[in-house]
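Observations on the three-dimensional arrangement
Residue strings, one per chain:
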Amino acid sequence: MYSNRLRSLPPYLFAEIDQAKEKKISEGVDVIDFGVGDPDLPTPEHIVDRLDEAARNKENQGYPSYRGKEEFREAVSEWYKSNFNVDLDVEEEVISLIGSKEGIAHTPLAFVDPGEKTLVPDPSYPVYEIGTVLADGDPVSMPLKKENGFKPNLDKINRETAEEAKLMFLNYPNNPTAAVATGKYFKKVVDFAKKYDIIVCHDAAYSQITYDFDAPSFLEVDGAKDVGVEFHSLSKTYNMTGWRIGFAVGNKDVLDGIGKVKTNVDSGVFQAIQEAAIEALSGSQDCVKENVKTYKERRDLLVEGIKSLGLDVEKPKATFYIWAEVPEGTDSMSFSKKLLEEGGIVATPGSGFGEYGEGYLRFALTKDLDRIEEAVERMEEIEFE
């Protein structure tokens with residue numbers, strides 16, 4: 001029944017985790033879920049209030065602009081200037097998205113012909129590879145290893161592969177490893193992309209969730225707009241995962257390509273949600289600071305708890321993820337199952353994010369301090385060796 005491209009997709013990782021979790025819940029187990037990165041914190045009230053008002057405005061109830069309301073694009077431009085000192089042309093360098101995942105998944109359809117290559121980090125958010133496969137492209141892994149700070153070693157990319165690649169996907173601060181990148185590294189990426197005529201697609205969904213570190217924008221680097229675009233989501237910064245709104249900025253020709261796909265497959269973002277997003281981007285950012293404060297407290301508690309169990313883990317500088325090494329002599333899936341079966345704890349096996357995620361578990365900091373303490377206590381009762 002299904003197409004070859006659909007049959008070629010791997011099972012979606014989080015769907016499998018949900019099935020295993022629901023089975024335990026049906027057995028009466030009180031499950032503590034650190035699996036999916038869906039914030040437990042509510043959308044700030046001032047954003048919800050703006051939606052409530054905007055949804056009642058008849059002018060917002062028709063088809064929206066494919067590129068996004070001008071006011072929304074202006075808010076994005078001002079937000080970029082304030083956060084990164086990057087200037088954006090509202091008419092040509094900003095486009096709205098139904099969440100950044102949608103825009104990322106559609107990008108290969110605009111630029112990749114059947115059999116053409118993309119460069120995909122491994123481990124990574126699955127949509128980079130899946131978007132390529134759905135476009136009948138050939139995703140080529142760029143290993144993210146601990147010794148390289150979980151960043152692709154550009155010098156190790158095969159020259160022939162680089163010459164054939166159409167797109168390169170990057171994501172910093174990184175999901176799942178929580179690694180960060182500097183402007184110096186992004187400069188190397190720009191030079192590499194120019195050398196091989198590659199479009200860079202940088203996913204910056206976690207740029208505002210940082211601890212004693214300011215995450216740079218890829219577009220801050222000279223020449224970045226010549227080679228690529230940057231994707232953002234309001235999901236994690238403003239606790240708006242279910243609202244489905246994001247944006248892409250940067251190279252106007254790349255955005256035009258994404259826009260051409262979108263005009264054929266969707267009808268834009270509901271304008272009332274765009275108005276709520278304007279409120280988020282343009283209003284007080286105290287809510288973001290409070291989010292970060294909350295995640296930092298959770299990070300510190302969970303990292304110390306994991307360390308006390310004898311597991312190897314580094315305290316992340318960004319994101320709300322903990323990337324912890326599994327005990328020696330086991331693998332990530334087996335250890336993940338052990339935590340669920342013996343402790344009622346859900347953590348995502350690193351192997352689900354790619355071959356080079358093996359040996360790690362990802363914990364999402366989406367539970368409060370009491371539940372984190374309880375999870376650590378449960379793990380203390382589990383025999384790891």
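Residues numbered from 1 in each chain as written. Predicted model: local features only at pLDDT ≥ 70, side-chain atom pairs only at ≥ 80, totals over all residues. Heavy atoms only, no water.

For the protein, an unreviewed UniProt entry supplies the name Aminotransferase and the organism Methanohalarchaeum thermophilum. A UniProt comment under Sequence similarities (unreviewed entry) is attached to the protein, and it reads "Belongs to the class-I pyridoxal-phosphate-dependent aminotransferase family." According to the UniProt record, the Cofactor (unreviewed entry) comment for the protein is "pyridoxal 5'-phosphate". (UniProt positions renumbered as here; feature names shortened; annotations may be inferred.)

This part is about the sheet that holds strand 9 (residues 321-325). An order of 9-12-11 is seen for the 3 strands of this open sheet, with the pairing classed as antiparallel. The outermost strands of the open sheet, each flanked by one partner alone, are strand 9 and strand 11 (348-349). Across 5 bridges, strand 9 lies against strand 12 (residues 360-364) in antiparallel orientation. From the neighbouring strand, Glu325 faces strand 12, where its bridge partner is Tyr360. The sheet contacts of helix 12 (residues 286-308) involve strand 9 and strand 12, and relative to strand 9 the element is tilted by about 10°. The sheet strands contacting helix 13 (residues 332-343) are strand 11 and strand 12, and the helix crosses strand 12 at an angle near 45°. (Pairing = 2+ DSSP bridges. Helix = DSSP H or I, 4+ residues; strand = E, 2+ residues; numbered from the N terminus. Contact = heavy atoms within 4.5 Å. Axes fitted to C-alpha atoms, helices over the stretch in contact; angles between N-to-C directions.)

For the rest of this paragraph, the subject is the nonpolar core. With 56 residues, the main nonpolar core has Tyr80, Met168 and Tyr238 as its most contacted residues. Of all the secondary-structure elements, those providing two or more residues to this core are helix 4 (70-84), strand 5 (165-171), helix 8 (183-196), helix 9 (224-227), strand 8 (246-250), helix 11 (271-282) and helix 12. Tallying contributions element by element places helix 8 first for this core, with 7 residues. For Tyr238, the residues in contact, after removing those within four places along its chain, are Thr43, Pro44, Ile47, Trp79, Ala280, Leu281, Gln285, Cys287 and Val288. (Core = buried A, V, L, I, M, F, W, Y, C linked by side-chain atoms within 4.5 Å. Buried < 20%, exposed > 50% of the residue type's maximum accessible area, 1.4 Å probe, protein only.)

A separate point is the UniProt feature "domain: Aminotransferase class I/classII large" (unreviewed entry) in the protein. According to UniProt, the "domain: Aminotransferase class I/classII large" (unreviewed entry) feature falls on residues 30-378. Taken end to end, residues 30-378 is 40% helix and 16% strand, and its first and last C-alpha atoms sit 11 Å apart.

This brings us to the packing of aromatic side chains. Under the defined criterion, the tally for this structure stands at 19 aromatic pairs. Ring geometry for Phe72 and Phe247: centres 6.3 Å apart, planes at 70°, overall edge-to-face. With Phe72 in helix 4 and Phe247 in strand 8, this residue pair connects regions lying 175 residues apart in the sequence. As far as the burial class goes, Phe72 and Phe247 line up, both buried. Look at Tyr125 and Tyr128: their rings are 5.9 Å apart centre to centre, the planes differ by 80°, and that puts the pair in the edge-to-face class. (Phe/Tyr/Trp six-rings, centres within 6.5 Å; stacked < 30°, edge-to-face > 60°.)

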